[in-house]
Amino acid sequence: MLKPTLDDIVIVGGGTAGWLTAAILAKKLNVGAAGSVQITVIESPDIPIIGVGEGTWPTMRTTLQSVGVDEGEFMRECDATFKQGAEFVNWQHTPAAGETHSYFHPLSAVFHSSYDFNLAPYWLQGVSELPYDLAVASQSRICQLGLAPKKITTAAYSALQNYAYHFNAVKFAAFMKKHCTEKLAVRFIAANVQQVRQHSCGAIAGVLTDSAGEINGDFFVDCTGSKALLLGEALGVGWHSINDVIFNDTALAMQVPYPTADWPIATHTIATAHEAGWTWDIGLHNRRGVGYVYSSAHSSDERAEQILRQHIGDQAEGLEARKIKLNLGYRQKFWQHNCVAIGMSAAFIEPLEASAIFLIEAAANMLAEQFPRSRAALGFVEQKFNDTFKLRWDKSIDFIKLHYCISQRRDTAYWVDNCADSSIPESLQQRLAHWRLHPPGKYDFDYAFEPFVLDSYLFVLYGMKFNTDIRHNLSSYPDKQRAQQLFADIDRTTALLQQQLPTHRELIDKVYRYGLPKV
Amino acid sequence: MTNIVALDSQQHQHYKLSEDKLFSHTRTAHILPLAVTEFVAAAVSLPIVFVKDSTTGQFRACALTGLQPGQNLCWQESGWQAAYIPLAVRNYPLLALKPEAQSDDYIIAVDTGSELFNQQSGQALFAADKGTDYLQQRARSAINQAHGIGLTQQFINRLLALELLVARTLTLTPKGAEPYELTGMYGIDEQRLAQLTAEQWLSLRANNDLLAIHAVLMSMAQLPLLVARLA
């Protein structure tokens, strides 16, 4: 007879997923208090952290603040910088030799708040002459200018322009590990898991390790990466591949040092489209993380490395590229019995739009909020968790696919295949059909935990020059004057911010030196 | 222009310091740095506020002397008007700095942009390559102030840890002009102070912070008097 309460949580695997989950659970479940659960993290001393995910969402600010991390200390320890969005270069059409074009997907849309008053239909009518990203958000311009999202006097975790982070994922895992073990009463065991032991009902009883014996628990979190030792191998939950929709299954990554210590740091991810994938360029404090993520069905590794080196230029000389295989898809179930998978063990789409770490936070938050202390309650929470995360991953896949499937690029089979209807999920096709005649509105995003919402879709659709023909419906948009006023307000805010904000590099250097004020 | 340079017995051997009893260098200062060791004396004539240093974002304790940048209501042509004169004002143009954050020693520096520092009038600073008694005495006062600023930073850190600092906005309506808000000031959160646990309260007592905290709170009574100086 299994004991009726769940008191011991064992997280197998460290890394970003393991330690972030540990911190969120420990804080929300008040670990260390009388009667609280106990959390143990088993991390292999031998398996290196994959550490691809170097970009977060703004939710990370709330997460770190709520688990009691000092923002300045975190940034200094993890080579972190401020991320204000992404710039998509050469996605819209095939660039002529030497030509580039781009659009921004910024994290804040000042005054835009398309939920109250959608500027898109007015922009479509030409009320503003600027490109969509610059017309509706000051932040696109702030990114272009390389300015910071806040000032040194702005309180920690507060923002003048919404922001997330770029950081060194290996250092982040180490930082969170220290925080969890020193401040959040999380138990840490360094050992390799060799075998998973199950009860007769299938639930996990414990794991056998090489150097720490058998570790039992009541509830298990599988953070073992794409191996999915617990949920995949032991419980046999299958994998739903999405390689018919998303093709980028391989990445080549490089660490490119700055030429000088005062080199400007980009304050957004630069995602540049190429013949069989795209390159990311992420500015950390001391180096750039640059990589090419591509479809192995459309490109050889040699050709991919050539593309990456060409893209980086002279600075790539003498640097080595690290190859990473990506398993695109998600588990048929994320939670089964007393085991939940979080991180790459659960799902992975591809690095575009940095959804990986965000979905770790989302999963850990839901697990913490809904954690069943009674074994009898497991089934109900399992069902809810599986339903919501299947929906969230499907919606994330739709949004990622959007970046590809509305492109005019047809220069390679890769782009032709990406734009073929057969590769576009039905749910996305339906929406796109509607949006050809109506600008997206808030009712298109009515799920409470929608990972990507209206503003994000608008930035990508109209950044990609998606054609919404509203000529039949102009009478529905009579507020031209108000739109004009809002566009002018945005221009004024942009000018004001330009005067006030320091450069990104200047602020980062100061944050590392002085930290950020608590209030 | 302010230009802070370390005093050097060779380079500055012919320099003198004169004194300005009117403290005219403060004529455009709306805030002046204050050390926690001065709070009790300052509280009877000046509001004590906390502001963030615009270059470092770090909190500093200050006496509020004006209601907008560039305005010192505690200074007139006849000189300094408030009963208390902050140490930093009295020590000017001298100040003591630590060469490194961890160092125990101070170096004495001077604002060479000040007319008080000159070769014509005042008290000599050096004689036969050594600091004069006058310089020694002024240097001691500057070190005293620097030490006080160090204690103030520790005091502020304890206030922050207990979440006792809160933003204060002052809405001002000058006669015949548009109302405006003086922002960027922080004060002590009285409500939060009342909610501290016994343990937290005792930690304040152990650090001898209670007197300083209450001095800050009582100094708020000087705000309306400062506003009245506008007339």
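Rules behind the numbers
- Residues numbered from 1 in each chain as written.
- Chains lettered and ligands numbered in written order.
- Predicted model: local features only at pLDDT ≥ 70, side-chain atom pairs only at ≥ 80, totals over all residues.
- Heavy atoms only, no water.
- Helix = DSSP H or I, 4+ residues; strand = E, 2+ residues; numbered from the N terminus.
- Rg over C-alpha atoms; globule rule 2.2 N^0.38 Å.
- Lys, Arg positive; Asp, Glu negative; His and termini not counted.
- Charge placed at Lys NZ, Arg CZ, Asp CG, Glu CD.
- Salt bridge = Lys/Arg side-chain N within 4 Å of Asp/Glu carboxyl O.
- Buried < 20%, exposed > 50% of the residue type's maximum accessible area, 1.4 Å probe, protein only.
- Domains from an automatic or database assignment.
- Contact = heavy atoms within 4.5 Å.
- Buried area = accessible area lost by both parts, 1.4 Å probe.
- Polar contact = N/O pair within 3.5 Å; in protein donor to acceptor, adjacent residues only side chain to side chain.

It is worth spelling out the overall build of chain B at this point. The number of helices and strands found in chain B is seven helices and 15 strands. Radius of gyration (C-alpha) of chain B: 19 Å, near the 17 Å computed for a compact globule of 231 residues. Charged side chains in chain B number 16 positive and 20 negative. The centres of these two groups are separated by 5 Å.

Once that is clear, we can look at the pattern of salt bridges. Residue and element names in this part refer to chain A. Within the structure shown, the criterion is met by 26 salt bridges over all chains. One salt bridge connects Lys150 with Glu71, and the closest N-O pair in it is separated by 3.4 Å. Separated by 79 residues along the polypeptide, Lys150 in the loop between helix H6 (138–144) and strand S6 (164–166) and Glu71 in helix H3 (residues 71–77) bring together distant segments of the chain. The exposure class of Lys150 is buried, given its relative accessible area of 0%. Residue classification places Glu71 among the buried positions, given a relative accessible area of 1%.

To continue, consider unusual backbone geometry. Going from Tyr92 of chain B to Pro93 of chain B, the amide bond is cis rather than trans, its omega being 5°. Checked against the element boundaries, Pro93 of chain B lands in the loop between helix H2 (87–91) and strand S8 (94–97). In the Ramachandran plot, Glu353 of chain A falls in the positive-phi region, its phi being about 65° despite a non-glycine side chain. Following the sequence through the fold, Glu353 of chain A ends up in the loop between strand S21 (347–348) and helix H10 (355–370).

What follows concerns the domain arrangement of chain A. All names here are of chain A. Taken domain by domain, chain A consists of domain 1 (8–79 + 166–242 + 328–395) and domain 2 (82–164 + 245–326 + 470–500). At the junction of the two partners, domain 1 supplies 29 residues and domain 2 supplies 35 residues. Carbon and sulfur atoms make up 59% of the area that domain 1 and domain 2 hide from each other, which totals about 2,700 Å². Contact with domain 2 buries area across many residues of domain 1, yet Arg61, Glu71 and His166 alone supply 28% of it, more than any other trio. If you look at where domain 1 meets domain 2, you find two salt bridges. Here domain 1 and domain 2 share 16 residue pairs in polar contact (both at pLDDT 80 or more) between them. Among the elements of the structure, helix H2 (59–66) and H3 are those that each provide at least two residues to the side of domain 1 that touches domain 2.

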